[in-house]
Amino acid sequence: MKANSFGDRNVDEGAESFGEAGLDPNVQDAIGKALKAHFQDLMQAPLPDRLLVLLAELQAKENDQSASQGN
Amino acid sequence: MAETKAREGGAPQPSFRDLLVREMPSLRAFALSLSGSTHKADDLVQDTLLKAWGNSDKFEPGTNIRAWLFTILRNTYFTLYRRQGREVQDVDGVYSEKLSVDGGQEGALDLADFRAALARLPEDQREVLILVGASGLSYEEAADICGVAIGTIKSRMNRARTRLAQLLGIAGASDLAGDRQTGAVLKQGGAIAPKNP
């Protein structure tokens, strides 16, 4: 039930017995790299048009206001 | 409303809108991570942009706008979206072709395996990994965003990393003998996905 079980609940029990000092720096490094690669991947996804349109509309509003204020 | 500082003379500074545009990819990535749904993520980013625009006077120039925007997005998520439950993940289409990253002594880490493991973490642990480990915010900024103490962020971070390492079968030198084997089985059998009955 303990060591080799990768079921959802049991991992937590294992995690406590490891403690933070138990994590190899190489492992930490590998996880860090994977996290950054994962996030980078998400960031590279093309933005949907509606968000770009929204920003354009907001900018247009701002320009209108600036113009009416005589700036 | 948004002031355009550049108009006041001096060196041209990016307008508030420029800052928002620059942060859109990271905002959307954070929204995808939180909600697990592309549709919800886009709604979340849209709400966040509107709120940020309407409250631009509350942003303190010189502070990290990413942290400020992430706070708005996270609050929006927890007040409006989370009650609808975490949908079945539909973000797979967002990912680029299968990639792996250099796992140092552990060999290549398969990103699909990594994502499967990440998806199995408790929400608070996954969040802190994304905030600190992935998007590069400081512990202090993450603590502000989540409304908890820095110590809480640090301990979540440690638990999250340890658990990820276990799920990936790379738990560390002290357990290499046992875990190497488990890890090999995990990778071959793709044992991260199936859960114990």
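Figured I'd write up the structure that's included with this text.

What counts and how
Residues numbered from 1 in each chain as written. Chains lettered and ligands numbered in written order. Predicted model: local features only at pLDDT ≥ 70, side-chain atom pairs only at ≥ 80, totals over all residues. Heavy atoms only, no water. Axes fitted to C-alpha atoms, helices over the stretch in contact; angles between N-to-C directions. Helix = DSSP H or I, 4+ residues; strand = E, 2+ residues; numbered from the N terminus. Parallel < 35°, antiparallel > 145°, perpendicular 65-115°, else oblique. Contact = heavy atoms within 4.5 Å. Nonpolar A, V, L, I, M, F, W, Y, C, P; charged D, E, K, R; others polar. Phe/Tyr/Trp six-rings, centres within 6.5 Å; stacked < 30°, edge-to-face > 60°. Buried < 20%, exposed > 50% of the residue type's maximum accessible area, 1.4 Å probe, protein only. Lys NZ or Arg CZ within 6 Å of the ring centre and 35° of its normal.

### Side note on the packing of helix α2 (residues 25-43) of chain A against helix α5 (residues 123-134) of chain B
In step 1: Where α2 of chain A meets α5 of chain B, the axes come as close as 9 Å, and the angle between the chain directions of the two elements is 95 degrees. Between α2 of chain A and α5 of chain B, the crossing angle belongs to the class labelled roughly perpendicular. Residue-level inspection shows G32, L35, K36, H38 and F39 of chain A of α2 of chain A in contact with α5 of chain B, the latter providing L129, I130, G133 and A134 of chain B.
In step 2: The residue inventory of the contact of α2 of chain A with α5 of chain B, partitioned by class, reads five nonpolar, three polar and one charged.

### A look at the packing of helix α6 (residues 139-146) of chain B against helix α7 (residues 150-168) of chain B
Residue and element names in this part refer to chain B.
In step 1: The geometry of α6 relative to α7 is characterised by a closest axis approach of 8 Å and an angle of 105 degrees between their N-to-C directions. One element, α6, and the other, α7, form an angle in the roughly perpendicular class. Residues Y139, E140, A142, A143 and C146 of α6 form the contact with α7, whose participating residues are I150, I153, K154, M157 and R161.
In step 2: Grouping the amino acids of the contact of α6 with α7 by side-chain chemistry returns seven nonpolar, no polar and three charged.

### Details of the packing of aromatic side chains
Residue and element names in this part refer to chain B.
In step 1: Within the structure shown, the criterion is met by six aromatic pairs over all chains.
In step 2: Pairing F16 with W53 gives two aromatic rings, centres 6.1 Å apart and planes at 55 degrees, and the pair type is tilted. Here F16, found in helix α1 (residues 16-35), pairs with W53, found in helix α2 (residues 38-54); they are 37 residues apart in sequence, far enough to count as distant. Comparing F16 with W53, the two get one shared label, buried.
In step 3: Measuring from centroid to centroid gives 5.2 Å for Y77 and F78, while their planes differ by 70 degrees, and the two rings are edge-to-face.
In step 4: Given the relative accessible area of 29%, F78 is considered partly exposed.
In step 5: By way of ring pairs, the aromatic residues F16, W53, F59 and W68 are connected into one cluster.
In step 6: For the cation-ring pair, K154 lies above Y139, with the distance from its terminal atom to the ring centre recorded as 5.6 Å.

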